[in-house]
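Each chain, letter by letter, is given below.
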Amino acid sequence: MGTLLGVVFGASSLYLVLKVGLTVSASIPVAVISITLFRVLSKFGLRDATILEHNIVQTAGSAGESIAFGLGVTMPAILILGFDLEFTRVMLVAVLGGLLGILMMIPLRRALIVAQHGYLKYPEGTACAEVLKAAASAESRAAAHTGEKAAVKDEAETGGKIIIVGFGIGFLYYGVQSLFKSWKEYPTKVFGKPFEAASISIENNPALLGVGYIIGPRIASIIFAGGVLSYLMLIPAIKYFGSGWMTPLAPETTHLIKDMTVTQIQKGYILYIGAGAVAAGGIISLFRSLPVIWSGLKGGLADFRGSKAASTNAPRTDQDLSMKFVLGGIILLLLVIMIAPQLNLQWNILGALLIVAFGFLFVTVSSRLTGEVGSSSNPISGMTVATLLLTCLVFLLIGWTAPPYFVTALSIGGIVCIAASNGGTTSQDLKTGFLVGSTPKYQQIAILVGALVSALALGPILLAMNQAGTIYVPVAQSKDFTFPPGFHFTPDQYVTSGGAPKHESLQGGQASSDTTAYNIVHKTTTDYGPAGRYLVNDQGVPVYLADPGINGIYDKQADGSSVPKFTAPKATLMSYIIKGILSRELPWGLVLLGVMIAIVLELSGIPSLAFAVGVYLPISTSAPIFIGGVVRFLVDKYLRKKPEHQNLTEEQMVAETDKSPGVLLASGYIAGGTLAGVVYAFLNLKEGIVNKLRGFEEWATHHNPFFEGAHSDLLGLLPFLVLTILLYLVGRELVLKPRDG
C-alpha cells in the first residue's frame, strides 16, 4: 500500500516540480490516507492496521516525493542542453540516487535520531508521529486515556475523508477543465498604452491554490512579488524602451520587440534574468547555511564513527540493516555508476569520487538540516547548484568541456540531488518511527523498496509528460525560421546510435500527419531559428523542430489547439550553470541583472530565492499560489483567536495549523489536480483521443462563454472562486466538520 501511494504522490510531485519548481511533503497525507483506507477495509471483514503498519505505509509512501523532486530539478536539463531524455538514463539516475541517499543515511540514524532527540526536532516527522498516535488501534491505546484518544482518532478518520474529498474535487475540477474546456484555463488581462505589455493572469489550477495554502502567506507573497516585478515592470519596460529598435535585440534573433507578445518577451529575456536571480539566490542561501553545514558535517562524521560501536544485540527498536549490507550496497551502486554507459561515467574514477564526496557531504547535511529547520526549508536546490558549480569548475580545469561532459556533470548533480533529498526524507521517517516505537530495520527496507519502485515508475511518467507536450513545428511554414535556400545539415551533425544515424518519426497527436522517418540534429545555436532538436530529411534539410513539452517555446499546434507545457524552472537553472561554465554560451548581461536583483533583496532582508522563482515563473502560476497564501493567512488569523489556541506558543500553533482540515483539503487539491494533469498528459499521447479533445475545444471555442468570448476571463474565474471559498470554509472548520459524539 505504501509503495502504491508513493508512486501516486511521486507522480503528483513530479508534475508540481516541473510546473513551479517545488514540492510539498507527502508523509502526513500518506499517513492519513493509510488510516482511512485500512479503516474502510476493516468494515468489510479485513483486519485494521496497527500503528507500526501505518508507519511502514507512510515510510514507503514518502520515497516517491523526494525522488520526484530530484528528477524534476535535474533530468529535464538534458533536454534544455540539447540531448535526448532517454529512459535508461533517467531510470538509472533515479534508482542510484534514491538508494544511495538511503544507504548513506542509515549509519547516521542512532546519533541523529536517538542521541539528538530533543535537540533535532524533525518537525514533519514529529507531526506525522502525532497523526499516527491519534489513530492508534485500541491495543495501542490501552495505556492511555481511552476517551481522549478516541476523540482524536475520530478527527484523524475525518482528516482522511477530507483529503479524499479534496482529491476528488481537484481531480474532477482540473480533469473536466482540461478535457472539455469547460472554463478558461488562464483568465488574462493584457494592458494597452500607456502601460503596454503589462499583464495579469491566473491559472485555473486547484493544485497551485493548495500549494499556496500549505507554504503559507509569507513565501506565497514573496513568490508573487517576483511575478509582479516581471509582468508589471520588466516586461512593460522592455516593450517601452525596445519598441523603437528596427533590428532584433540579442539574445532574440528573429522578432522585433515592437512585434513581440508578452509571452515572447518573457521567454526571450525574462527567463535569463530569472535564472540569474534563482542561481544567485540558491548560492546565497547555501552560503548562509555554511555554519550549519559545517557543524552538520562534523557531527555526521562523528555519528558515522560512533555507529560502528553500536551493539549488534540491540533491542528491536534499535536494529538497523547490517553495516555489511549498507557498505556493500554503496560499493555496488558506485560500480553501476561507473559501468553504465548512459551516465557518461564509464570507469571515470573522478566522477565516482565526486559522487561519493558530494553525496556523503550533502546526505549528512540534509539529514541534519531537516532535523533543525524541516524539509521545506532544506536547501536541496542550493546543494545541487554547489555540486554542479564545483563539478563544472573541475571539468573546466582539466579540459572536459565537450558537450558529452554536459551529461556527465548533470548525472553527478542528479544523483547527488536525489541522494540528498532522499537522505532528508529518510531522516524524517526514521524520526516518526522512533516516536511510535517502530523497528528501524523494517522501515529502512520499506523505504528502499518504495524508492526503487518509485524510481522505476517516475522515469516513464517524466518521458510521457514531455512527449505529450511535444509539438513538431514545420520549418517551411513558420516565419520563426530563416534558413537560407540550399541550407542543409551535414551527416557528421546527425545524432548517431552505434555509429549509424538515429531516425525518428512524428509521435503523439501529429503521428498520422507524416509517417516519414527523419534524421535527428541537435542545433545548439540560434542561427536561422531557435536552438533545439530538429528532424531533417536525407538531404540534410530541416523539416521539423521537435519542440519539447518541458521548457518548450510553442504551446499551440498548427490547428490552434493547445498542449500542456512545463517550465521546469529549477532544471533550466541547472542547464544554464553547465552551459555557462563549460561552453560560455549565455547572455551574461541578462543573467547578471537577475543576480543583482537577488543581491538587492538580500540587502533588504528578503529571502531572494523565493522571489527569484517568482521572477522566473509566469505570473499565472504565482497568482493562484498567492491566493492560497492569502486564504491561509485569513484562516490562521481566525484560528489563533479560538480559546483552545490562546496559550499556544508560535511553534505549537504552527504545528497545530499544519494538521488542520484546511491543510488536508489543500493536500487533496494538490494530489487530485496534479494527477489529473498527469492523466491528461498521457491521453495526449493517443492520436484518436487527441482528435476527440480537439473536437471538445472547437465546440467550447464557439459555444461556451466560460471558455471563449468577451467575458470569458471574468466568467472563468467563478469556478476558481468556488474552490477558494470552500478551502476557506474547511480551514475554519465550518464544513466537513466531524459531528459531535
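The text that follows walks through the structure, step by step, so that each part is easy to find. (Residues numbered from 1 in each chain as written. Predicted model: local features only at pLDDT ≥ 70, side-chain atom pairs only at ≥ 80, totals over all residues. Heavy atoms only, no water.)

## Focus on helix H10 (residues 217-242)
Step number 1: Helix length check: H10, at 26 residues, gives a terminal C-alpha distance of 36 Å against a target of 38 Å (1.5 Å per residue), a fit within 8%.
Step number 2: The sharpest bend along H10 measures roughly 30° and falls at Ser 230. (Helix = DSSP H or I, 4+ residues; strand = E, 2+ residues; numbered from the N terminus. Expected span 1.5 Å × (residues − 1). Bend = angle between axes of the 7 residues up to and from the residue.)

## As for the packing of helix H21 (residues 619-640) against helix H26 (residues 717-731)
Step number 1: Where H21 meets H26, the closest approach of the two axes is 9 Å, and the angle between their N-to-C directions is 25°. Of the possible angle classes, the one that applies to H21 and H26 is roughly parallel. Seen along the crossing, H21 lies across H26 with a hand that is right-handed. Contact with H21, carried on its side by Pro 624, Ile 627, Val 631, Leu 634, Val 635 and Leu 639, involves Phe 720, Thr 724, Leu 727, Tyr 728 and Gly 731 of H26 and no other residues of that element.
Step number 2: Looking at the contact of H21 with H26 residue by residue, the class counts come to 9 nonpolar, 2 polar and no charged. (Axes fitted to C-alpha atoms, helices over the stretch in contact; angles between N-to-C directions. Parallel < 35°, antiparallel > 145°, perpendicular 65-115°, else oblique. Left-handed = near helix turned anticlockwise from the far one by under 90°. Contact = heavy atoms within 4.5 Å. Nonpolar A, V, L, I, M, F, W, Y, C, P; charged D, E, K, R; others polar.)

## With respect to H26
Step number 1: End to end, H26 covers 21 Å across 15 residues, agreeing with the expected 21 Å (1.5 Å per residue, within 8%).
Step number 2: Immediately beyond the C-terminal end of H26, within one or two residues, lies Glu 733, with a positive phi of roughly 65°.

## Overview of the environment of Phe 489
Step number 1: You can see Phe 489 is positioned in the loop between strand S3 (471-474) and strand S4 (496-497).
Step number 2: C-alpha of Phe 489 to C-alpha of Gly 540: the two residues are 51 residues apart in sequence and 4.6 Å apart in space.
Step number 3: Not counting the four nearest positions on each side in its chain, Phe 489 is found in contact with Phe 483, Tyr 494, Val 521, Lys 523, Val 536, Gly 540 and Pro 542.

## Here's the deal with the sheet that holds strand S7 (residues 518-523)
Step number 1: The 5 strands are arranged S3-S9-S8-S7-S6 in an open sheet whose pairing can be described as antiparallel. The strands lining the two open edges of the sheet, one partner per strand, are S3 and strand S6 (503-504).
Step number 2: Where S3 and strand S9 (residues 542-547) come together, 4 bridges link them in antiparallel fashion. By the bridge assignment for S9, Ile 471 is matched with Asp 547. (Pairing = 2+ DSSP bridges.)

## A few points about unusual backbone geometry
Step number 1: Lys 193 connects to Pro 194 through a cis peptide bond whose omega is 10°.
Step number 2: Here Pro 194 is to be found in the loop between strand S1 (188-190) and strand S2 (199-201).
Step number 3: Of note, the amide linkage connecting Ala 250 to Pro 251 takes the cis form, showing an omega dihedral of 10°.
Step number 4: Of note, the phi angle at Ala 197 is positive, near 80°, even though the residue is not glycine.
Step number 5: Mapped onto the secondary structure, Ala 197 falls in the loop between S1 and S2.
Step number 6: Exposure remark for Ala 197: the relative accessible area of 7% places this residue in the buried category.
Step number 7: One non-glycine residue, Tyr 528, adopts positive backbone phi at about 65°.
Step number 8: Its location among the elements puts Tyr 528 in the loop between S7 and strand S8 (532-536). (Buried < 20%, exposed > 50% of the residue type's maximum accessible area, 1.4 Å probe, protein only.)

## Here we look at the packing of aromatic side chains
Step number 1: The final tally for this structure, using the stated rule, is 21 aromatic pairs.
Step number 2: On the numbers, 5.1 Å between centres and 65° between planes, the contact of Phe 395 with Trp 400 is edge-to-face.
Step number 3: Here Phe 395 falls in the buried class, since its relative accessible area comes to 0%.
Step number 4: Between Phe 483 and Phe 487, the aromatic rings sit 4.9 Å apart at their centres with planes inclined by 40°, giving tilted as the arrangement.
Step number 5: Its relative accessible area of 16% is what places Phe 483 among the buried residues.
Step number 6: Site record: aromatic cluster; members linked through ring pairs are Phe 481, Phe 483, Phe 487, Phe 489, Tyr 528 and Tyr 534.
Step number 7: Note that Arg 732 overlies the ring of Tyr 638, its terminal NZ or CZ placed 3.7 Å from the centroid. (Phe/Tyr/Trp six-rings, centres within 6.5 Å; stacked < 30°, edge-to-face > 60°. Lys NZ or Arg CZ within 6 Å of the ring centre and 35° of its normal.)

## Points about the nonpolar core
Step number 1: Formed by 181 residues in total, the largest nonpolar core has its most connected members in Leu 14, Leu 71, Met 75, Leu 343, Met 465 and Ile 578.
Step number 2: The element best represented in this core is helix H5 (residues 87-105), accounting for 13 residues.
Step number 3: Those residues in contact with Ile 578, other than ones at most four positions away along the chain, are Leu 81, Leu 388, Cys 392, Phe 406, Ala 409, Leu 410 and Ser 583.
Step number 4: Counting residues in hydrophobic clusters, the runner-up holds 13 residues, among them Ile 471, Phe 489, Tyr 534 and Val 536. (Core = buried A, V, L, I, M, F, W, Y, C linked by side-chain atoms within 4.5 Å.)

## Describing the environment of Glu 602
Step number 1: In this fold, Glu 602 is placed in helix H19 (residues 588-603).
Step number 2: Between the C-alpha atoms of Glu 602 and Gly 281, which are 321 residues apart in sequence, the distance is 8.5 Å.
Step number 3: Contact partners of Glu 602, with chain neighbours within four places excluded, come to Ile 284, Arg 288, Pro 607 and Ser 608.

## Some thoughts on the packing of helix H16 (residues 404-436) against helix H18 (residues 569-582)
Step number 1: Relative orientation of the contacting elements H16 and H18 amounts to 135°, with a least axis distance of 10 Å. As judged from the angle between their axes, H16 and H18 are oblique. Of the two possible hands of crossing, H16 and H18 adopt the one that is right-handed. Between H16, through Tyr 405, Phe 406, Ala 409 and Leu 410, and H18, the contact on the second element is made entirely by Met 574, Ile 578 and Leu 582.
Step number 2: Within the contact of H16 with H18, the residues separate by chemical class into 7 nonpolar, no polar and no charged.

## With respect to the side chain of Ser 712
Step number 1: Of note, Ser 712 is situated in helix H25 (residues 712-715).
Step number 2: The class for Ser 712 is buried, based on a relative accessible area of 1%.
Step number 3: In terms of polar contacts, Ser 712 uses its side chain to reach the side chain of Lys 184, at 3.5 Å.
Step number 4: Only 3.0 Å separates the side chain of Ser 712 from the backbone oxygen of Gly 709, close enough to count as a polar contact.
Step number 5: Look past the residues within four positions of Ser 712 in its chain and what remains in contact with it is Lys 184, Pro 705, Phe 706 and Phe 707. (Polar contact = N/O pair within 3.5 Å; in protein donor to acceptor, adjacent residues only side chain to side chain.)

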